[in-house]
Every structure is written in structure tokens, then in C-alpha cells.
Amino acid sequence: MAQKIATVFGGTGFLARYIVPQLTKAGYRVRVASRHPSKARHLLTQGEVGQVQPVYAPVQNKTAVARAVEGADVVINLVGLLFESGKGQSFEATMVTGAANVAAAAAKAGASTMVQVSALGADQRSASDYARCKALGEKAVLRAFPKATILRPSIVVGPEDGFFNRFGGMPVVPMIGGGTTLFQPIVVSDVADAVMAAIGNSSAQGQTYELAGPQTYSFKELMDLMQSITFSRAPQVHVPWGVAELIGLVGKLAPVPPLTRDQVVLLRSDNVVTGSLPGIEALGVETAPIESILPTYLVRFRNGGQYAKA
């Protein structure tokens, strides 16, 4: 019997590190599609020789996308941006047009399953360009591939995350808007489990799921938790909304902005499940508390390492 093929777009990113090994264990031949296939070398050892194949396929390039999904049974789109950096890397081009390209190519190739990883809070009426484009991307995917499964994760945490690793070494911890925004962070392996559960569940086709962890925290509570693990005494400084917006306007001039105005807009709304859509438990996945994983990688921010004392 021919080996099934799974194509993973955004295959060099954080989440793909946890999905690709599960796909190879499930017997798939995996194409890791990205703009920079050379960055997928670390995934080559996650299967038998030749089982993982990096391919060049920016989601904006229809020809490359079509080539990447040729003969694929499963197509997973993990591509997303936290900030815009030029015309080719805009929210619209990547998360709307790019998502549409992937879905259309998957449908044309005859793929049986597609999973689109979006974001909790996706809403085409949102004042945030990020949240609006995530929602428009979902709509574009379902228009081209009606049986696609949409997954909306909250903040995803794990050893390579861009959240705790970003704040862990800061000499000052900013409390934007007082740090009252609520979040339901989820462990990265649980999101990977949800992707795999969606692939193996025909009843998930055409459905949208909200993926969140078992507990809700304010931003301040998350920073308190982080600092309790890192033994950090960095002061927490209140940053009013107006000041945060000014920082965001200036930040867009940097190659990697510390904060953007759109992110400030996002922070004005809680990032928690609505309850109007099925959650991760509907996929049969039991979530772990983030406290179970944070110490495994945040200890590196301790002065003195893992053996340091508070």
C-alpha cells in the first residue's frame, strides 16, 4: 500500500516541531513546506530516511503551493504572522490570500483532509488587522475547501515559544494597560494532539474548534508565574494604553518590533474562549496546565541556571 502524504505549510515554525514527529509516527510521508526549507533540517531526523522532505513553497506562490500538495492526503496550514514586514509579508497576503491558495490547491489535488490553524479571537469585525485577517483567512479556506477543520488556539507555550521566552530576560516587565487582559494559554503538545485528532476524525470536518488551556490568567498573573520560576526581580512597570500605542507606532520602524499598534489593539480584548464553539475536549484531547511545562525551559533565565536558589 502506498504511503500517505501530509504537507505541512509553515513547517519550519514552532508548532510544526511537535506535529511533524506525530505525522511520521502515524506513517505519513511529510513534506515540510516553507519559504526557507533549509531551516527544516532539524526535522529530518524525526522519521525514517527520506520520510521528511523540506520543500520551497511560500503560501503566496500558487505554483509552488500546488507542487507541494500534489498527491497529498492531508494538508495542514500553520502559517501566520505576528507583525507585518513589507508587502509580501503582510497579514492580507499571508493569512488571507496565502491561506486561500493552500486551500484551493489542496482541493484541486484531491486531498481528503485539511486543517487550518487560526487563532483564538479571530473576528472579521475586529479593530485588529491580525484578528480580522485570521477570520478572513478562515472564510477563504472554507470557501475553497468546505470540509476543512479550523483550529483556534490561544497563546501557545513551550520551549520555543515567543511569549515567555520574550519576557523572560527583560530587565523591566511592561504591564500594558495594567496587565488585566485575560488569557487561556495552552501547551504546544496539546495543540499538536488536537491537529492529529482532527485529522483522524471525520466528524471534525467543516468544524471550528477553540483551543485553550484549563485555566484563565491575567497578563500580570502570567508574568508573576514566570518570575516565580526565573527568580526574576525585574520591576513590573505600568504602561498606560496611550503610551503603549505610541511605543507601537515607533516600534514598527524596527526590523523586529518589540510591540506594534495592532498588538496593543489586540491586548484591549481578553483572549479567552467564547463558549459558542466546541473546545479541544470535543476532539478528545485532555489539556495540561502550563505550570507543568514552564519550569522545563524558563530555568535558563535564572541567574545561575537550574541549580540557582531563589
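Residues numbered from 1 in each chain as written. Predicted model: local features only at pLDDT ≥ 70, side-chain atom pairs only at ≥ 80, totals over all residues. Heavy atoms only, no water.

### Observations concerning the environment of A204
And step 1. Its place among the elements puts A204 in the loop between α6 (188-199) and β11 (208-211).
And step 2. For the pair A204 and L283, spaced 79 residues apart in sequence, the C-alpha separation works out to 7.8 Å. (Helix = DSSP H or I, 4+ residues; strand = E, 2+ residues; numbered from the N terminus.)

### A look at the pattern of salt bridges
And step 1. Applying the stated rule across the entire model yields six salt bridges.
And step 2. Residue R125 is joined to D123 by a salt bridge in which the shortest nitrogen-to-oxygen separation is 3.2 Å.
And step 3. Classification of R125 by relative accessible area gives exposed; the value is 73%.
And step 4. For the salt bridge of E245 with R261, the shortest nitrogen-to-oxygen distance reads 3.8 Å. Here R261 lies in helix α9 (residues 261-267) and E245 lies in helix α8 (residues 241-251), a separation of 16 residues in the sequence.
And step 5. Overall, R261 belongs to the partly exposed group, its relative accessible area being 41%.
And step 6. In this structure, a network of salt bridges that share partners links the residues E245, R261 and R268. (Salt bridge = Lys/Arg side-chain N within 4 Å of Asp/Glu carboxyl O. Buried < 20%, exposed > 50% of the residue type's maximum accessible area, 1.4 Å probe, protein only.)

### Concerning helix α4 (residues 129-144)
And step 1. Over its 16 residues, α4 extends 22 Å from the first C-alpha to the last, a length consistent with the 22 Å expected when each residue adds 1.5 Å.
And step 2. Among the residues of α4, Y130, A131, C133, K134, A135, G137, E138, A140 and V141 are the ones counted as buried.
And step 3. Summarising the contacts, the buried residues of α4 are in contact with α3 (91-109), β5 (113-117), β6 (149-153) and α9.
And step 4. If you check the start of α4, you find a side-chain oxygen 3.2 Å away from the backbone N of Y130, and it comes from S128. (Expected span 1.5 Å × (residues − 1). Contact = heavy atoms within 4.5 Å. Polar contact = N/O pair within 3.5 Å; in protein donor to acceptor, adjacent residues only side chain to side chain.)

### Looking at the pairing of strand β4 (residues 74-77)
And step 1. Here β4 shows two buried faces, one formed by V74 and I76 and the other by V75 and N77.
And step 2. One ladder, built from four bridges, connects strand β1 (residues 5-9) with β4; its direction is parallel. Along β4, the bridge assignment pairs T7 with V75.
And step 3. Looking at chain direction, β4 and β5 are connected through four bridges and run parallel. Bridged to V74 within β5 is T113. (Pairing = 2+ DSSP bridges.)

### Here's the deal with α6
And step 1. With twelve residues, α6 ought to run about 16 Å at 1.5 Å a step, and its terminal C-alpha atoms sit 17 Å apart, in line with that.
And step 2. Along α6, nine of the twelve residues are buried, which leaves the element largely enclosed by surrounding structure.
And step 3. Taken together, the buried positions of α6 are occupied by V188, D190, V191, A192, A194, V195, M196, A198 and I199.

### A few points about the nonpolar core
And step 1. In terms of nonpolar packing, the biggest core is built from 36 residues, with L23, I76, I199, L211 and L283 touching the most fellow members.
And step 2. With eight residues, α6 is the largest single contributor of residues to this core.
And step 3. Sequence-distant contacts of L283, defined by excluding residues within four places in its chain, comprise L151, A194, A197, A198, N201, A204, Y209 and L211.
And step 4. If you look at the next biggest cluster of nonpolar residues, it comprises 28 residues, including M226, A244, L259 and V264. (Core = buried A, V, L, I, M, F, W, Y, C linked by side-chain atoms within 4.5 Å.)

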